[in-house]
Amino acid sequence: MSKVTNSTQAPFYFILTGIPGFEASHIWISIPFCCLYTISIMGNTTILTVIRKEPSLHQPMYLFLSMLALTDLGLTLTTLPTVMQLLWFNADEIGFEACFVQLFFIHTFSFMESSVLLAMSFDRYVATCRPLHYASTLTGEVIGKIGLAIICRCVLAVLPCLFLLKRLPFCRSHLLSHSYCLHQDMIRLVCADIRVNSWYGFALVLLIIVMDPLLIVLSYTLILKSILGTASWTERFRALNNCLSHVLAVLVLYVPMVGVSMTHRFAKHASPLVHVIMANIYLLAPPVMNPIIYSVKTKQIRQGIICLLSQRDMCLR
């Protein structure tokens, strides 16, 4: 089988896959996808607008929430072009360079989602266990450094994957399994030794996908220990309620992530439709659900949205 790299003279492209077995119904399937993307874009944009316009929301918790909304918005806008052009126009080709650019942004924003949730768990830990030191610990400068560290961490984690993959030759069989470019999907098409790529990918999984949830669990273990040590049930309920939105956001990210991993590990021979659905849930669930969760569970955000929609100068309480 002939090999192709980005240095090949002939144009090289990958072929995207829509919903297996339902190609004739893509135009109808595009309707729920379009609704989900619209909810994600409008929801996260609204969260960002509310936080930016209301000075009382310029606090650590809401600044981290704005980082989460930016990450969700980036993830949505990264997958939207190829998914919708495939469903609307059956445009299933994507160029070599374009595929690598999309791969970079999808994995970067995915890792950023996990990193921001980890930073938010630290915020909840300080607010619950060290309330007197909250303002002095999470200053604007510290939050800015955390945000910069998240960006550097995720970009530097993904770039080696990109360079390691790009130097390898690809086979002529360049059919991808999804309607966007993923590293684990593209690596299957390589006609060369991929042991270095595999080991680096494994190290990356341990560093981010495994370590982040463990640190989040550790922070909530300490939070629960602190809450159970408080005197009244009212204080316990209030503290737990303040953490509930973040807990739901964590579940929305990691439950589909575990589901995708389990599907790849134990359901390799399952229908391609199962893998496509799980992958779409993993990439769409957090950007769609996070704005809904924080709008419903956070009073200040809810009131800010009402103010924004009603165009009244109401004060958040």
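As recorded by an unreviewed UniProt entry, the protein carries the name G-protein coupled receptors family 1 profile domain-containing protein and is attributed to Panthera leo. The annotation that UniProt attaches to the protein under Subcellular location (unreviewed entry) is "Membrane". Recorded under Function (unreviewed entry), the UniProt text for the protein is reproduced unchanged: "Putative odorant or sperm cell receptor."

**Focus on the side chain of Ser179**
Along the polypeptide, Ser179 turns up in the loop between strand 4 (170-171) and helix 6 (183-186). Setting aside residues up to four positions removed in sequence, Ser179 forms contacts with Leu16, Thr17, Thr82, Val83 and Leu86.

**Remarks on the state of the cysteines**
Inspection of every chain in the model, using the stated rule, returns 2 disulfides. Linked covalently through their sulfurs, Cys171 and Cys191 form a disulfide whose S-S length is 1.4 Å. Taken as a pair, Cys171 in strand 4 and Cys191 in the loop between helix 6 and helix 7 (195-228) lie far apart in primary sequence, 20 residues in all. Exposure class is identical for Cys171 and Cys191. Each is buried.

**Points about the pattern of salt bridges**
Considering all chains together, one arrives at 6 salt bridges under this definition. Salt-bridge contacts for Glu97 lead to Lys166; the nearest nitrogen and oxygen are separated by 3.1 Å. With a gap of 69 residues between them, Glu97 in helix 3 (residues 96-129) and Lys166 in helix 5 (residues 140-166) connect regions that are remote in the sequence. Given a relative accessible area of 42%, Glu97 falls into the partly exposed group. Overall, Lys166 belongs to the partly exposed group, its relative accessible area being 25%.

**Some details on the UniProt feature "transmembrane region" (unreviewed entry) in the protein**
Here, UniProt's "transmembrane region" (unreviewed entry) annotation points to residues 27-51, 63-88, 100-122, 142-165, 199-223, 244-267 and 273-293. Helix makes up 100% of residues 27-51 and strand makes up 0%, while its end C-alpha atoms are separated by 36 Å.

**Examining the side chain of Thr76**
Inspection of the secondary structure assignment puts Thr76 in helix 2 (residues 60-89). The class for Thr76 is buried, based on a relative accessible area of 2%. Once residues lying within four places of it in the same chain are set aside, the contact partners of Thr76 are Tyr37, Ser40, Ile41 and Pro287.

**Let's talk about the environment of Gly229**
For Gly229, the position within the fold is in the loop between helix 7 and helix 8 (233-266). Residues Gly229 and Ile194 lie 35 residues apart in sequence; the distance between their C-alpha atoms is 51 Å.

**Quick word on the packing of aromatic side chains**
With the rule as written, the count across this model stands at 9 aromatic pairs. With a centroid separation of 6.1 Å and an interplanar angle of 20 degrees, the aromatic rings of Phe14 and Phe96 are classed as stacked. Placement of Phe14 in strand 2 (residues 13-15) and of Phe96 in helix 3 is noted, with a sequence separation of 82 residues between them. On the accessibility criterion, Phe14 (0% relative accessible area) is buried. Assessed through its relative accessible area of 6%, Phe96 is described here as buried. Between the aromatic rings of Trp88 and Phe89, the centroid separation amounts to 6.2 Å while the plane-to-plane angle is 70 degrees, which identifies the pairing as edge-to-face. A residue is classified by how much of its surface remains accessible, and Trp88, at 42% relative accessible area, is partly exposed.

**A word on a nonpolar patch on the surface**
A contiguous nonpolar surface patch, about 600 Å² in accessible area, is contributed by Trp199, Phe202, Val205, Leu206, Val210 and Leu214. Turning to its location among the elements, Trp199 is positioned in helix 7.

Scoring rules and cut-offs
- For every chain, the first residue of the written sequence is number 1, and numbering continues from 1 onward in sequence order.
- Residues qualify for local features only when their pLDDT is at least 70, as the model is predicted, and side-chain atom pairs are given and counted only at 80 or more; totals for whole chains, interfaces and linings, by contrast, use all residues.
- Only heavy atoms go into the side-chain values, all of them from the structure, while hydrogens and water stay out.
- UniProt positions are given in the numbering used here, feature names are shortened, and annotations may be inferred rather than shown by experiment.
- Each helix is a run of DSSP H or I of at least 4 residues and each strand a run of E of at least 2, with the numbering of both proceeding from the N terminus.
- Whether two residues touch is decided by their heavy atoms; if any such pair falls within 4.5 Å, the residues are in contact.
- Cysteine sulfur pairs qualify as disulfides if the two atoms are within 2.5 Å.
- Under the scheme applied here, a residue whose accessible area is under 20% of the maximum for its type counts as buried, over 50% as exposed, and between as partly exposed, the area being computed with a 1.4 Å probe on protein chains only.
- Any Lys or Arg side-chain nitrogen located within 4 Å of an Asp or Glu carboxyl oxygen qualifies as a salt bridge.
- In summary, the pairing rule links any two rings of Phe, Tyr or Trp, Trp by its six-membered ring, whose centres are within 6.5 Å, and it sorts them by plane angle into stacked for under 30 degrees, edge-to-face for over 60 and tilted for everything else.
- Only residues whose relative accessible area exceeds 30% and that form no salt bridge are eligible for patches; like-charged ones are grouped when within 9 Å, while nonpolar side chains (Val, Leu, Ile, Met, Phe, Trp, Tyr) are grouped when within 5 Å.
- Computed by Shrake-Rupley with a 1.4 Å probe, the accessible areas treat only the displayed protein chains as cover when residues are assessed.

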